[in-house]
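# Overview (structure and organization)
Listed below, chain by chain, are the residues.
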Amino acid sequence: MAHRKMMRVLLVEDEEINRLELAQVVARAALKAAAGGGDDDLVLDEAENGAAAVQRVRDAATAAAAPYDLILMDKQMPVMDGHEATRRIRGMGVTTPIVAVSSDGLPADVEAFVAAGADDFTSKPLSKEKLGDILAKFRLA
């Protein structure tokens, strides 16, 4: 059986408890996507606000490390919100899939994220099944 490459995910969420829950969902979904692979198949970086996310993406682009395979972006955060962070990341020429993950799921919220450059939107809570669909959509599973 072919071994899939390591997956790098950036999780952008200001609430620590939500980051912990999302990190567990991502780890379980990545383990399933790796078809029994180990924890070494996933690198999960976290950012507590949009400005930190932009810096992590910038650092990844200039480092020897591989770029992110997926960015999961919250909307409401201190310092810089998810819309602005998404715009700035796209402004750097980054094409990594960005999926908005927010409890604000009104059509206007979804449209604002897409206008900022997000590739997809999913409402909280993010389940393993929803994340599995996202991984499949972007051919990461």
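Everything numeric in this text was worked out from a predicted model, so none of it was measured.

Let's shift gears to the pattern of salt bridges. Applying the stated rule across the entire model yields ten salt bridges. Across the pair K75 and D104 runs a salt bridge, and its minimum N-O distance is 3.3 Å. Taken together, the residues K75 in the loop between β3 (70–73) and α3 (82–91) and D104 in the loop between β4 (98–102) and α4 (107–116) connect sequence positions 29 residues apart. By relative accessible area, which is 14% here, K75 ends up buried. Of the charged contacts in the structure, one is a salt bridge between D119 and R90, with a shortest N-O distance of 2.5 Å. In this pair, D119 is assigned in the loop between α4 and β5 (120–123) and R90 in helix α3, connecting sequence segments 29 residues apart. Classification of D119 by relative accessible area gives partly exposed; the value is 36%. One network of salt bridges, with partners in common, ties together E13, D74 and K124.

The set of residues buried in α3 consists of G82, H83, A85, T86 and I89. For α3, the angular spread of the buried residues around the axis is 165°, confining them to a single face. The inward-facing, buried residues of α3 contact α2 (50–62), β3, β4 and α4. Among the residues of α3, the N-terminal cap falls to D81, whose side-chain oxygen and the backbone nitrogen of H83 are separated by 3.2 Å.

Mean pLDDT for the protein chain: 87, with 87% of residues reaching 70 or above. At the level of individual helices and strands, the protein chain shows its lowest average pLDDT in helix α1 (residues 16–33), which scores 83, and its highest in α3, which scores 97.

Cis geometry marks the peptide bond from K124 to P125; its omega dihedral reads 0°. For P125, the position within the fold is in the loop between β5 and α5 (128–137). Of note in the backbone geometry, V79 takes a positive phi value of approximately 75° without being a glycine. With respect to the secondary-structure elements, V79 resides in the loop between β3 and α3. The backbone of R139 sits at a positive phi, close to 55°, despite the residue not being glycine. In this fold, R139 is placed in the segment after α5. Its relative accessible area of 76% is what places R139 among the exposed residues.

How each quantity is defined
Residues numbered from 1 in each chain as written. Predicted model: local features only at pLDDT ≥ 70, side-chain atom pairs only at ≥ 80, totals over all residues. Heavy atoms only, no water. Salt bridge = Lys/Arg side-chain N within 4 Å of Asp/Glu carboxyl O. Helix = DSSP H or I, 4+ residues; strand = E, 2+ residues; numbered from the N terminus. Buried < 20%, exposed > 50% of the residue type's maximum accessible area, 1.4 Å probe, protein only. Arc of directions from axis to C-beta. Contact = heavy atoms within 4.5 Å. Polar contact = N/O pair within 3.5 Å; in protein donor to acceptor, adjacent residues only side chain to side chain. pLDDT = per-residue confidence, 0-100.

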